[in-house]
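Breakdown of the fold
Here are the chains, one letter per residue:
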Amino acid sequence: MPAEAAISGSMRPQPYRVTEVLRELDDVVTLRLAAEDRAPLPFRPGQFNMLYAFATGEIPVSISGDPSRPDELLHTVRRVGAVSSALAQLERGAVLGLRGPFGSHWPVETERGRHLLFVAGGLGLAPLRPAICRALARRADYAGITLVLGARSPREILYAWQLAGWAAAGAMKIHVCVDHAGPEWGGPVGVVTSQFPRALDGIAPDRVSAFLCGPEIMMRHGCGDLEHLGIHPERMWISMERNMKCATGLCGHCQFGADFVCRDGPVFRYRRVRRPLGIREV
Ligand SMILES: Cc1cc2nc3c(=O)[nH]c(=O)nc-3n(C[C@H](O)[C@H](O)[C@H](O)COP(=O)(O)OP(=O)(O)OC[C@H]3O[C@@H](n4cnc5c(N)ncnc54)[C@H](O)[C@@H]3O)c2cc1C
Ligand code: FES
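Residues numbered from 1 in each chain as written. Chains lettered and ligands numbered in written order. Predicted model: local features only at pLDDT ≥ 70, side-chain atom pairs only at ≥ 80, totals over all residues. Heavy atoms only, no water.

With numbering matched to this structure, UniProt assigns "binding site: [2Fe-2S] cluster" (unreviewed entry) to Cys246, Cys251, Cys254 and Cys262. A compact arrangement is adopted by the annotated residues: their sequence extent is 17 residues, whereas the largest C-alpha distance between any two is 10.2 Å. Counting through the fold element by element, cysteine 251 comes out in the loop between strand S11 (236–239) and strand S12 (255–256). Accessibility expressed as a relative area gives 37% for cysteine 251, which makes it partly exposed. Discounting chain neighbours no more than four positions away, the residues touching cysteine 251 are Lys245 and Cys246. (UniProt positions renumbered as here; feature names shortened; annotations may be inferred. Helix = DSSP H or I, 4+ residues; strand = E, 2+ residues; numbered from the N terminus. Buried < 20%, exposed > 50% of the residue type's maximum accessible area, 1.4 Å probe, protein only. Contact = heavy atoms within 4.5 Å.)

In structure tokens, the structure reads:
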């Protein structure tokens, strides 16, 4: 992607108001944002915004809502440090700074006629949700849609209410597994990759396009296992995370191999990043 195309958002954060706070998990909230004096922000599935918590700092956060509803600008944030905690503590009516959208996108439109396999680990479902919404809105374009989701425990399953709705609608197959569970959990226990054979049963691997998002180790093993099952590395995409500052390909903070995650990613074709992904801390 040319650099000028990637620099789609301004360097100056614009004020956005929190119109709703959805408590998703103990340490995860979704912020619904609205610009008071600007048109809704169009975005592509997989892109992110830089969110600025005043007096604290700015971090990249994926846009996690439905791209057909840019008026409902959603970001799902997990509290891990100073800035994410400040964002997660915002209440309805609060104002934050936002610039974006930035980055590459999940190319679901180019994969028409194929079986889409979404693989999410934990919070990785947030950056994938816009792509799933987009695919479901054009369901007839695809041979099938499958989601494989892994969570640490049943109470850490993100968007459980939405998974129930998607399952009830019957337009996609959903496989959820957890790392640890008590007797209340009737589903599978294990790593997310353990679900691949069941999820792909009866589907020709050369018809599958896979989109993975989650911890790096999960994506590395996930892509490796899918390749082993016959899915071509050209037909797999992953979303990378790195610390960011400018988000416009200028400062070099987000370097990953020969690429900058903000400019060339965050969504990369697996074949392109297979080598640096195999090397820790590149
Ligand atoms: C393209 C992109 C999209 C992202 N989308 C989201 C999103 O949708 N929701 C969301 O909650 N976060 C998302 N992140 C991650 C988010 O930007 C980081 O969690 C944030 O920068 C942490 O900043 P902090 O000041 O809160 O914590 P810091 O003080 O920077 O870090 C606190 C602790 O958390 C660890 N940490 C920092 N970042 C991460 C991380 N990504 N994963 C695990 N541990 C981390 C640090 O190593 C440190 O130990 C995204 C990152 C990128 C690059
Ligand atoms: S954050 Fe990517 S180059 Fe500055």
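Let us look at the site of ligand 1. Around ligand 1 sit 18 residues in total, of which Pro60, Thr76, Arg78, Ser84 and Glu241 are the nearest. At a separation of 2.7 Å, a nitrogen atom of ligand 1 approaches a polar backbone atom of threonine 76. When isolated, ligand 1 has an accessible area of 910 Å², and the protein chains bury 65% of it. Where the shell around ligand 1 is concerned, the elements lending two or more residues are strand S4 (57–62), strand S5 (73–78) and helix H2 (82–88). It is S4 that contributes the most residues to the shell around ligand 1, four residues altogether. Here the residues of the shell around ligand 1 sort into 11 nonpolar, four polar and three charged. Structurally, the shell around ligand 1 is a two-domain feature, drawing no fewer than three residues from each of domain 1 (3–102) and domain 2 (108–277). (Near = heavy atom within 4 Å. Polar contact = N/O pair within 3.5 Å; in protein donor to acceptor, adjacent residues only side chain to side chain. Areas by Shrake-Rupley, 256 points an atom, 1.4 Å probe, with all protein chains shown as cover. Nonpolar A, V, L, I, M, F, W, Y, C, P; charged D, E, K, R; others polar. Domains from an automatic or database assignment.)

Each strand in a sheet pairs with its neighbour through backbone hydrogen bonds, running either in the same direction (parallel) or in the opposite one (antiparallel). Strand order in the open sheet made by the six strands is S4-S3-S6-S1-S2-S5, with antiparallel pairing throughout. At either margin of the open sheet sits one strand with a lone partner, and together these are S4 and S5. In this sheet, adjacent strand axes meet at a mean angle of 40° when their direction is disregarded. Both strand S1 (residues 14–25) and strand S6 (residues 95–102) contribute to a ladder of four bridges, which runs antiparallel. By the bridge assignment, tyrosine 16 is partnered in S6 with leucine 96. (Pairing = 2+ DSSP bridges. Axes fitted to C-alpha atoms, helices over the stretch in contact; angles between N-to-C directions.)

Here we come to the nonpolar core. Residues Leu117, Leu212, Leu226, Ile238 and Met240 are the most contacted members of the largest nonpolar core, which totals 33 residues. Of all the elements in the fold, those that place two or more residues in this core are strand S3 (48–53), strand S7 (115–121), helix H5 (196–199), strand S10 (208–213), helix H6 (216–228), S11, helix H7 (261–264) and helix H8 (270–277). Per-element accounting of this core gives the leading share, four residues, to H6. Two domains share this core, each providing at least three of its residues, namely domain 1 (3–102) and domain 2 (108–277). For methionine 240, the residues in contact, after removing those within four places along its chain, are Glu216, Met219, Phe256, Val261, Pro266, Phe268 and Leu277. Among the nonpolar cores identified, the runner-up in size contains 31 residues, and Trp106, Ala131, Tyr159 and Cys213 belong to it. (Core = buried A, V, L, I, M, F, W, Y, C linked by side-chain atoms within 4.5 Å.)

On to the sheet that holds strand S8 (residues 144–151), then. Read from one edge of the open sheet, six strands run S9-S8-S7-S10-S11-S14, paired in mixed fashion. Single-partner strands in this sheet number two, and they are strand S9 (173–178) and strand S14 (267–269). The mean inter-strand angle of the sheet, taken between neighbouring strand axes irrespective of direction, is 15°. Here S11 pairs with S14 via three bridges, running antiparallel. Within the sheet, the bridge partner assigned to tryptophan 237 lies in S14 and is arginine 269. Sheet strands touched by helix H3 (residues 125–137): S7, S8 and S10. Its angle to S7, the strand with the most contacts, is close to 160°. Contacting S11 and S14, H8 runs over the sheet at an angle of about 95° to S14.

So, on to helix H4 (residues 160–169). Residues of H4 that are buried include every one of Gln162, Leu163 and Trp166, and no others. What you see down the axis of H4 is that its buried residues fit within an arc of 105°, all on one side. Opposite its buried face, H4 presents the exposed residues Trp161 and Ala168, each directed more than 90 degrees away. Against the buried residues of H4 lie H3, S8 and S9. (Arc of directions from axis to C-beta.)

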